[in-house]
Amino acid sequence: SPISAGLKDQSWFHDIQLSLFRLTVKRLYSTSHSSVDSKEMKKFQLLAHKWWDEEGEYSALHSMNDIRVPFIRDTLLNMSSNYHLGNPLSGVKILDVGCGGGLLSEPLGRLGALVTGIDPLEDNIRTADQHKSFDPVLAKRIQYKSSSLEEIVEECMETFDVIVASEVVEHVADLEMFIKCCSQVLKPGGSLFITTINKTQLSYILGIVVAEKIIGIVPEGTHEWEKFVPPEELERLLESNGFSVKTVNGMLYNPLSGSWSWMENTSVNYAMHAVKCGAQGQSSPAGTLSEMEGEQPSATAGMAM
């Protein structure tokens with residue numbers, strides 16, 4: 001009939017539109033122009049089996065969980081009207097970008113979140129998969145994939161409530177492209193959490209000379225000072241790509257005690273929380289997150305010095 005013929009025509013036209021859209025996305029985020037830095041991958045390849053050695057090269061990342069996990073948890077809870085006893089992040093879909101061996105994915109999974117961890121290094125993903133298999137609960141809540149961020153954009157458009165990029169942006173090849181991809185896979189109103197290193201003389205002295213060359217708490221050559229990102233630059237990139245920055249907090253590592261603490265000064269390490277603006281240009285909730293904007297960090301997040 002003419003009606004069914006018309007519907008078929010519309011269906012055909014929709015298929016053409018969808019194919020063109022997918023082709024555009026593939027070209028835009030083609031791996032020929034990737035945020036992954038091949039030199040950085042070679043550095044971490046050698047350490048892929050050492051992620052869960054709490055006294056080894058990643059000891060500082062293990063102890064960072066003491067402040068970054070509560071920061072993520074409490075910020076999200078302050079934005080939410082839902083609370084699940086024992087599983088405060090139940091149902092929240094989190095993308096852990098550059099997940100490594102799963103050091104941050106696992107504690108977020110224990111809080112009830114549904115975590116997808118991605119990392120371009122297959123050896124890192126193997127380590128992460130093996131470690132989560134020891135806990136049947138985590139095995140159900142966490143999935144890992146060997147992939148760059150731009151490689152999952154097409155299949156994960158506006159999929160996640162939260163993106164975590166902890167100690168990652170100082171290693172990417174194209175920071176603006178990385179942020180654009182974050183925006184693509186994050187739901188409107190979703191949260192982006194970043195921890196990284198400022199680009200200052202002090203960060204060079206403490207982050208490279210002391211940490212890598214003198215004390216050796218980080219393998220020598222792990223960081224390049226030129227790739228460190230000032231918070232002002234990161235905030236500018238985020239806001240020009242549809243994010244509203246809510247929080248910037250300094251972080252301090254004490255190599256003697258092996259512990260992290262919050263501080264006002266952002267001259268070395270810092271954490272940032274940004275929210276993807278909604279359709280009307282206003283930050284709005286995503287998924288299970290509710291309408292409490294302009295959140296204040298809670299005391300349990302350790303925001304006071």
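Residues numbered from 1 in each chain as written. Predicted model: local features only at pLDDT ≥ 70, side-chain atom pairs only at ≥ 80, totals over all residues. Heavy atoms only, no water.

J.: Sorry if this is basic, but what is going on with the environment of V137 here?
T.: Counting through the fold element by element, V137 comes out in helix α6 (residues 136–141). In this structure, the C-alpha to C-alpha distance between V137 and G112, residues 25 residues apart in sequence, is 9.4 Å. (Helix = DSSP H or I, 4+ residues; strand = E, 2+ residues; numbered from the N terminus.)

J.: How should I be thinking about the nonpolar core in this particular structure?
T.: One recurring pattern in soluble globular proteins is that nonpolar side chains are buried together. Of all hydrophobic cores here, the largest spans 33 residues; its most connected members are L89, I94, L108 and V164. Put simply, the parts of the chain that give this core at least two residues each are α3 (59–78), α5 (122–132), β3 (142–146), β4 (160–166), β6 (243–254) and β7 (259–263). It is α3 that provides the largest number of residues to this core, a total of eight residues. Apart from the residues lying within four places of it in its own chain, the contact partners of L108 are I72, L89, I94, A113, V115 and V164. Within the second largest apolar cluster, 32 residues are counted, among which are V97, I163, V172 and L186. (Core = buried A, V, L, I, M, F, W, Y, C linked by side-chain atoms within 4.5 Å. Buried < 20%, exposed > 50% of the residue type's maximum accessible area, 1.4 Å probe, protein only. Contact = heavy atoms within 4.5 Å.)

J.: In this structure, what is going on with a nonpolar patch on the surface? I would like to understand it.
T.: Nonpolar side chains collect at one region of the surface, where L202, Y204, I205 and L206 lie side by side and expose about 330 Å² of accessible area between them. Assignment of secondary structure puts L206 in helix α8 (residues 201–214). For L206, a relative accessible area of 37% gives the class partly exposed. (Patch = residues over 30% accessible without salt bridge, like charges linked within 9 Å, V, L, I, M, F, W, Y side chains within 5 Å. Areas by Shrake-Rupley, 256 points an atom, 1.4 Å probe, with all protein chains shown as cover. Salt bridge = Lys/Arg side-chain N within 4 Å of Asp/Glu carboxyl O.)

J.: Could you clarify how one ought to interpret the sheet that holds strand β1 (residues 93–97) in this entry?
T.: Paired through backbone hydrogen bonds, the strands of a sheet run either parallel or antiparallel to each other. Spatially, the eight strands line up as an open sheet ordered β3-β2-β1-β4-β5-β8-β6-β7, and their pairing is mixed. The two strands at the open ends of the sheet, each matched to only one other strand, are β3 and β7. On average, each strand axis in the sheet is inclined to that of its neighbour by 20°, with strand direction left out of account. Pairing of β1 with strand β2 (residues 114–119), which is carried by five bridges, proceeds in the parallel orientation. Following the sheet pairing, V97 is matched in β2 by I118. This element, helix α7 (residues 175–185), spans β1, β4, β5 (186–197), β6 and β8 (269–276) of the sheet and lies at about 145° to β5. (Pairing = 2+ DSSP bridges. Axes fitted to C-alpha atoms, helices over the stretch in contact; angles between N-to-C directions.)

J.: Explain the side chain of T195 to me, please; I cannot follow it from the model alone.
T.: If you trace the backbone, T195 turns up in strand β5. Within the local environment of T195, its side chain forms a polar contact with the side chain of E167, the two groups lying 2.5 Å apart. Contact partners of T195, with chain neighbours within four places excluded, come to M64, A165, S166, E167, V168, E170, M251, Y270 and A271. (Polar contact = N/O pair within 3.5 Å; in protein donor to acceptor, adjacent residues only side chain to side chain.)

J.: Can you walk me through the confidence of the model for the protein in this structure?
T.: Averaged over every residue, the pLDDT of the protein is 81; the share at 70 or more is 71%. Note that residues 2–9 has pLDDT below 50 and, in this model, zero contacts with residues that lie over four places away or in other chains. Considering only residues more than four positions removed or in separate chains, one finds that residues 16–32, a stretch of pLDDT under 50, has 14 contacts. (pLDDT = per-residue confidence, 0-100.)

J.: I tried to follow the pairing of β6 on my own but got confused; where do I start?
T.: A regular strand carries its side chains on alternate faces of the sheet. Here β6 runs beside β8; their pairing, made up of eight bridges, is antiparallel. Note that in β8 the partner of V248 across the bridge is M272. The pairing of β6 with β7 spans five bridges and is antiparallel. Looking across to β7, one finds that L252 is bridged to S261. Remark: four residues form the turn of the hairpin made by β6 and β7, two consecutive strands paired antiparallel; G258 in that turn has positive phi of roughly 70°.

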